[in-house]
Amino acid sequence: MIKLEKVSKTYRTDKVETLALKDIDLHVGKGEFVAMMGPSGCGKSTLLNIIGLLDRPGQGRVHIDGVALSSYRDKDVARLRNKTFGFIFQSFHLIPDLRVIDNVELPLLYRSMGNGERSRLAREALERVGLGARMEHFPNQLSGGQQQRVAIARAIVGRPQILLADEPTGNLDSKMSAEVMDILLKLNSEGTTIVMVTHDEQEARRVGRIVRVFDGQLVGKEHAHAA
Ligand code: ADP
Ligand code: ADP
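Keep in mind the model is a prediction, meaning the values are calculated, not measured.

### Section: the side chain of His63
Counting through the fold element by element, His63 comes out in strand 4 (residues 59-64). Leaving out residues up to four positions away in the same chain, His63 has contacts with Met1, Ile2, Lys3, Glu5 and Ala68.

### Some points on helix 6 (residues 174-189)
The terminal C-alpha atoms of helix 6 lie 22 Å apart, and with 16 residues this matches the ideal 22 Å at 1.5 Å per residue to within 8%. Buried within helix 6 we find Met176, Ser177, Val180, Met181, Ile183, Leu184, Leu187 and Asn188. The buried residues of helix 6 all sit within an arc of 160 degrees when viewed along its axis, so they share a single face. Turned more than 90 degrees off the buried face of helix 6, the exposed positions are Ser174, Lys175 and Ser189. Its side-chain oxygen at 3.1 Å from the backbone nitrogen of Lys175, Asp173 defines the N-terminal cap of helix 6. Positive backbone phi, at 115 degrees, marks Gly191, one or two positions downstream of helix 6.

### Overview of the sheet that holds strand 9 (residues 209-214)
Strand order in the open sheet formed by six strands is 6-7-8-3-9-10, and the pairing between neighbours is mixed. Edge positions in the sheet fall to strand 6 (85-88) and strand 10 (217-219), since each of these pairs with one other strand and no more. Ignoring strand direction, the axes of neighbouring strands in this sheet form an average angle of 25 degrees. Two elements, strand 9 and strand 10, share three bridges in a ladder whose sense is antiparallel. If you follow Val213 over to strand 10, its bridge partner there is Leu218. This element, helix 1 (residues 44-51), spans strand 3 (33-37), strand 6, strand 7 (162-166), strand 8 (193-197), strand 9 and strand 10 of the sheet and lies at about 160 degrees to strand 7. Here helix 2 (residues 74-84) sits on the sheet in contact with strand 6 and strand 7, set at roughly 70 degrees to strand 6.

### Points about the environment of Leu184
Structurally, Leu184 can be placed in helix 6. Overall, Leu184 belongs to the buried group, its relative accessible area being 0%. Each C-alpha atom, one on Leu184 and one on Phe33, is 9.0 Å from the other, the two residues being 151 residues apart in sequence. Each residue touching Leu184, except ones within four places of it in the same chain, is listed here: Phe33, Ile88, Ile152, Leu163, Pro168, Ile194 and Met196.

Parameters and conventions
Residues numbered from 1 in each chain as written. Chains lettered and ligands numbered in written order. Predicted model: local features only at pLDDT ≥ 70, side-chain atom pairs only at ≥ 80, totals over all residues. Heavy atoms only, no water. Helix = DSSP H or I, 4+ residues; strand = E, 2+ residues; numbered from the N terminus. Contact = heavy atoms within 4.5 Å. Expected span 1.5 Å × (residues − 1). Buried < 20%, exposed > 50% of the residue type's maximum accessible area, 1.4 Å probe, protein only. Arc of directions from axis to C-beta. Polar contact = N/O pair within 3.5 Å; in protein donor to acceptor, adjacent residues only side chain to side chain. Pairing = 2+ DSSP bridges. Axes fitted to C-alpha atoms, helices over the stretch in contact; angles between N-to-C directions.

Following this line, the structure appears as structure tokens:
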């Protein structure tokens, strides 16, 4: 599903060069749930952005579902990204002036479909995260855990094959974190491939496979083979 070969990435500013990733080989199979761990600044977000086609590697190859990223032009990459991936962030990135249902419909605005179909899919996504009764609320009327579940509904509304989550429980207390993890585990059991950055060892152990990043490299042998 996701295959990275010898991926490196260097950030360049006027004076400084930062080697953010070095020779990353990573294979994530269809239906896997992978927790990515490592200290701040080790390259986790860069890696997630490259997997999610938000950024291109400096060197190396990225294959998504068997197709090489290098064979895509920029505008086709955007289409592939929107079709394939759902993104979840630490700070939920909900739009405060929009009702929950309208937030969840947002990713569908770029697809050709009628209002009725959009709203049906958004309702269905909200029901999957247990928020069928909160559709008319505004984000600030919900708890942090509920807001993150709205963000998950927004991420899955377009039925992506892969969910990428950058510290989805980083701003949540343990009870709300467990709520969010329960939903991610359920989505995974229903077939969605997930890569999640986390700082929480206990949470990572619930996931099963842990990939550890240190100074831009993967450490240990766990990353070598997909399950
Ligand atoms: P993590 O997510 O593990 O905290 P990042 O991927 O954000 O790590 O960062 C990896 C390294 O690359 C860090 O040294 C960071 O300062 C640097 N970096 C990240 N983004 C940029 C950028 N846009 N420009 C320059 N350096 C960056
Ligand atoms: P957080 O701090 O909540 O983890 P950030 O705002 O730092 O999230 O975003 C993490 C990464 O995702 C950044 O590299 C950012 O450019 C990217 N990003 C943020 N919002 C979006 C979005 N709506 N769509 C695509 N990429 C995004």
